[in-house]
2 protein chains.
Amino acid sequence: MVLPSWDAPPHTSGVRRLPPTAAGGGRRGVQAYPEGVSPDTVTESEKPLRADALRNRNKVLAAARTAFAQQGPDVAISEILKLAGVGSGTLFRHFPTKQDLLVAVLEQTFDQLDDQIVAALEDEDPWQGLVTLLTTTAEMQARDAAFLASVGPELFAVESLQQRNERMMVRMSGLLDRAKAAGVVRDDLAAEDLPFLISAIGGATQSCAPASVVGTSPDLWRRYLGFVLDGLRPQGAHPLPQPPPTLAQMKAMKAAKASMRCGAE
Amino acid sequence: MVLPSWDAPPHTSGVRRLPPTAAGGGRRGVQAYPEGVSPDTVTESEKPLRADALRNRNKVLAAARTAFAQQGPDVAISEILKLAGVGSGTLFRHFPTKQDLLVAVLEQTFDQLDDQIVAALEDEDPWQGLVTLLTTTAEMQARDAAFLASVGPELFAVESLQQRNERMMVRMSGLLDRAKAAGVVRDDLAAEDLPFLISAIGGATQSCAPASVVGTSPDLWRRYLGFVLDGLRPQGAHPLPQPPPTLAQMKAMKAAKASMRCGAE
DNA sequence: TGAAAAGCGGATTGGCTGATCCGGTTGCAG
DNA sequence: CTGCAACCGGATCAGCCAATCCGCTTTTCA
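Residues numbered from 1 in each chain as written. Chains lettered and ligands numbered in written order. Predicted model: local features only at pLDDT ≥ 70, side-chain atom pairs only at ≥ 80, totals over all residues. Heavy atoms only, no water.

### Observations concerning the overall build of chain A
Looking only at helices and strands, one finds ten helices and zero strands in chain A. Taken from N to C terminus, the helices and strands of chain A fall in the order α-α-α-α-α-α-α-α-α-α. The 265 residues of chain A split such that 49% are buried. Just so you have it, chain A exposes about 12100 Å², and 55% of that area is on carbon and sulfur atoms. (Helix = DSSP H or I, 4+ residues; strand = E, 2+ residues; numbered from the N terminus. Buried < 20%, exposed > 50% of the residue type's maximum accessible area, 1.4 Å probe, protein only. Areas by Shrake-Rupley, 256 points an atom, 1.4 Å probe, with all protein chains shown as cover.)

### A few points about the protein's contact with DNA strand C
The environment of DNA strand C is made up of 26 residues, and the closest members are A:R50, A:N56, A:R93, B:I77 and B:K98. Considering the 4 Å shell around the protein, atoms of DNA strand C inside it are sugar or phosphate in 63% of instances. In the environment of DNA strand C, a phosphate oxygen lies 3.3 Å from a nitrogen or oxygen atom belonging to the backbone of B:A51. Sorting the residues of the surface near DNA strand C by element identifies α1 (51-71) and α3 (88-94) of chain A together with α1 (51-71) and α3 (88-94) of chain B as the ones contributing at least two each. For the surface near DNA strand C, the element with the highest residue contribution is α3(A), accounting for five residues. Class assignment for the residues of the surface near DNA strand C results in eight nonpolar, eleven polar and seven charged. (Near = heavy atom within 4 Å. Polar contact = N/O pair within 3.5 Å; in protein donor to acceptor, adjacent residues only side chain to side chain. Nonpolar A, V, L, I, M, F, W, Y, C, P; charged D, E, K, R; others polar.)

### Topic: the pattern of salt bridges
Proximity of charged atoms lets side chains of opposite charge pair with each other. Residues and elements named next belong to chain A. Enumeration according to the criterion identifies 20 salt bridges over all chains in this entry. R222 is the salt-bridge partner of E139, the closest N and O atoms lying 3.2 Å from each other. Of this pair, E139 sits in helix α5 (residues 126-143) while R222 sits in helix α9 (residues 221-232); the two residues are 83 residues apart in sequence, bridging distant segments of the chain. You can call E139 partly exposed: its relative accessible area is 30%. (Salt bridge = Lys/Arg side-chain N within 4 Å of Asp/Glu carboxyl O.)

### Examining the nonpolar core
A:F68, A:L101, B:F68 and B:L101 are the most contacted members of the largest nonpolar core, which has 122 residues in total. Dropping the residues within four chain positions of it, A:F68 is found in contact with A:P73, A:V75, A:I80, A:L101, A:L102, A:V105, A:D144, A:A145 and A:A146. (Core = buried A, V, L, I, M, F, W, Y, C linked by side-chain atoms within 4.5 Å. Contact = heavy atoms within 4.5 Å.)

### Topic: the environment of A:A104
Residue and element names in this part refer to chain A. Of note, A104 is situated in helix α4 (residues 98-121). Taking relative accessible area as the criterion, A104 reaches 13% and is therefore assigned buried. Between the C-alpha atoms of A104 and R65, which are 39 residues apart in sequence, the distance is 9.1 Å. Contact partners of A104, with chain neighbours within four places excluded, come to L61 and F95.

### Remarks on α5(A)
Residues and elements named next belong to chain A. Between its first and last C-alpha atoms α5 spans 26 Å; for 18 residues at 1.5 Å apiece the expected length is 26 Å, and the two agree. Judged by how many residues are buried, α5 sits mostly within the fold: 13 of 18 residues are covered. Where α5 begins, one side-chain oxygen reaches toward the backbone nitrogen of W127, 2.9 Å away; that side chain belongs to D125. (Expected span 1.5 Å × (residues − 1).)

### Quick word on the confidence of the model for chain A
All names here are of chain A. Counting all residues, the mean pLDDT for chain A is 79, and 67% of those residues have values of 70 or more. Ignoring residues within four places in sequence, the model shows residues 2-15, a span with pLDDT below 50, making 18 contacts including any to other chains. Low pLDDT, under 50, characterises residues 28-45; the stretch is placed with 33 contacts to residues that sit more than four places away or in other chains. (pLDDT = per-residue confidence, 0-100.)

### Looking at the packing of α1(A) against α4(A)
Residue and element names in this part refer to chain A. Interhelical geometry of α1 versus α4 gives an angle of 80° and a closest axis separation of 10 Å. Accordingly, the angle class assigned to the pair α1 and α4 is roughly perpendicular. Side by side, α1 and α4 meet where V60, L61, A64, R65 and F68 of the first sit next to L101, L102, A104, V105 and Q108 of the second. Taken together, the residues that form the contact of α1 with α4 break down as eight nonpolar, one polar and one charged. (Axes fitted to C-alpha atoms, helices over the stretch in contact; angles between N-to-C directions. Parallel < 35°, antiparallel > 145°, perpendicular 65-115°, else oblique.)

### Concerning helix α8 (residues 193-208) of chain B
The terminal C-alpha atoms of α8(B), which comprises 16 residues, lie 23 Å apart, in line with the 22 Å expected from a rise of 1.5 Å per residue. Across the 16 residues that make up α8(B), a large majority, 15, are buried.

### Here we look at the side chain of B:T137
Residue and element names in this part refer to chain B. Here T137 lies in helix α5 (residues 126-143). Engagement of the side chain of T137 in a polar contact is seen with the backbone oxygen of L133, the distance being 2.6 Å. Aside from chain neighbours lying at most four places away, what touches T137 is L113, F147 and I198.

### Here we look at the packing of aromatic side chains
Residues and elements named next belong to chain A. Taken as a whole, this structure holds six aromatic pairs over all chains when the rule is applied. Aromatic side chains F110 and F147 sit 5.9 Å apart centroid to centroid with 85° between the ring planes, which places their arrangement in the edge-to-face category. Of this pair, F110 sits in helix α4 while F147 is found in helix α6 (residues 145-150), placing the two residues 37 residues apart along the sequence. Taking relative accessible area as the criterion, F147 reaches 1% and is therefore assigned buried. (Phe/Tyr/Trp six-rings, centres within 6.5 Å; stacked < 30°, edge-to-face > 60°.)

### A few points about the environment of B:S160
Residues and elements named next belong to chain B. Tracing the chain through its elements places S160 in helix α7 (residues 159-181). A relative accessible area of 16% means that S160 is categorised as buried. Sequence spacing of S160 and E107 is 53 residues, and the spatial spacing of their C-alpha atoms is 7.4 Å. In contact with S160, not counting residues within four places along its chain, are V103 and E107.

As structure tokens, this is what we get:
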């Protein structure tokens, strides 16, 4: 799964069995699952779906979420299978394609983010609202490799993700307009820039990635977020939240990334 | 070739044939190849290497360079083979492993970058020197997918790349010190930050990637470089070199990336 | 409670790709 | 010119992995 070219699935010989669609298209069955734990109800059925089936569907979804988050969009299905404790037949019944599974997971992730943006809009301080947006995004990128890989304006061309993306863009525009009106950001900053800036922060975050290598701060990415934020406001440099890493730490990070493997279980 | 875990090559059954090492370890046989075109001499032999062998080796190297640049580290070997017009036996004789080939290509790329840094150090203006460094890096990331993937502090653990990386770090430190002495950058910026900032710019660059989608500027990344640069200097915002993209353009970029395929030939 | 429908899971398939093998060819020293 | 070692290239191998198939089990509903 190389991530570009989601179009012609490899060796699809016959027709595709249609999945038993448990949760309808529109979000908000149960909003934004708290983290890692599987909600035992995805409810809002379209075809009732037997009890054990629903249970398994959720097991798969939860397993996929952690697996994708830890290893990125390229985890082997077998990994997810092991984690979920179901057979491959079961998985592919609910999600006919690996991409379908990834999308289902990303939908949840995007919904979580959307909730955070809404929260940011409720903040009194317009600058703080923007900071919250970018911080949240970076946090999510730091802990979810699949999200990291699908963020920014590239996103793949899937209706449901498209929609969510647009909704978020609208909200982000609101956030930015407010900040501009208050004069706390440079006014040549456009809403369209935000996805790219998020990608930029993601780039730095990715380099810091392995959540916590011994000597290093798992929050190093905040430092680079700081630099970028300072680039967004008119007045220039502000204090940074993290000290830079030492060369030794950088070496350790690189080594950790080279050997990176499993982690869960 | 998933990029992490360069350690246990898949299914290596027997012992490995040692390659006929044409160019010695130390760089500077012929410095920094101008672009795409194969230099017909990599010279400085260690075992003379027959004439046709050397010719083929260079063909492979050149093909690999373009293939890796266009499609990233995951191009199929077959692609490179087609481009080079040689058989797989030939390729694997010179580069026993796909990684070996990639490393050979990256060595050249890194050497090119190193030359640019040296040039930046020769610039009178210390701020401009830093700008040149970051701009060059971004340019290279924009046009070379393999470089983009291997940049930042993660780099894989290969002696020869390690070395080059360290040499560049030293030079970059010099560049930064000079700029700090002149007071043109904030002084909480450390040399160790540079690789992360480069990764950040790379993140944005990647989002802009498909060199030129119709309506969009192929230089959009400069805009985000601009934001980051403004975050590095004490005085704050400066004019940006590019207008933001429109929503329609962003859509086009995404679409282009989704269908991205081949391109050469 | 019983039977049919729905679901389960793992053995299996098919295809992709990195790497190897080996019969034939070619450059080079003497 | 000649012999041979080095080299060529493509047929082939082997492992990996997404996706399918099908005999058996579980749920559901009358």
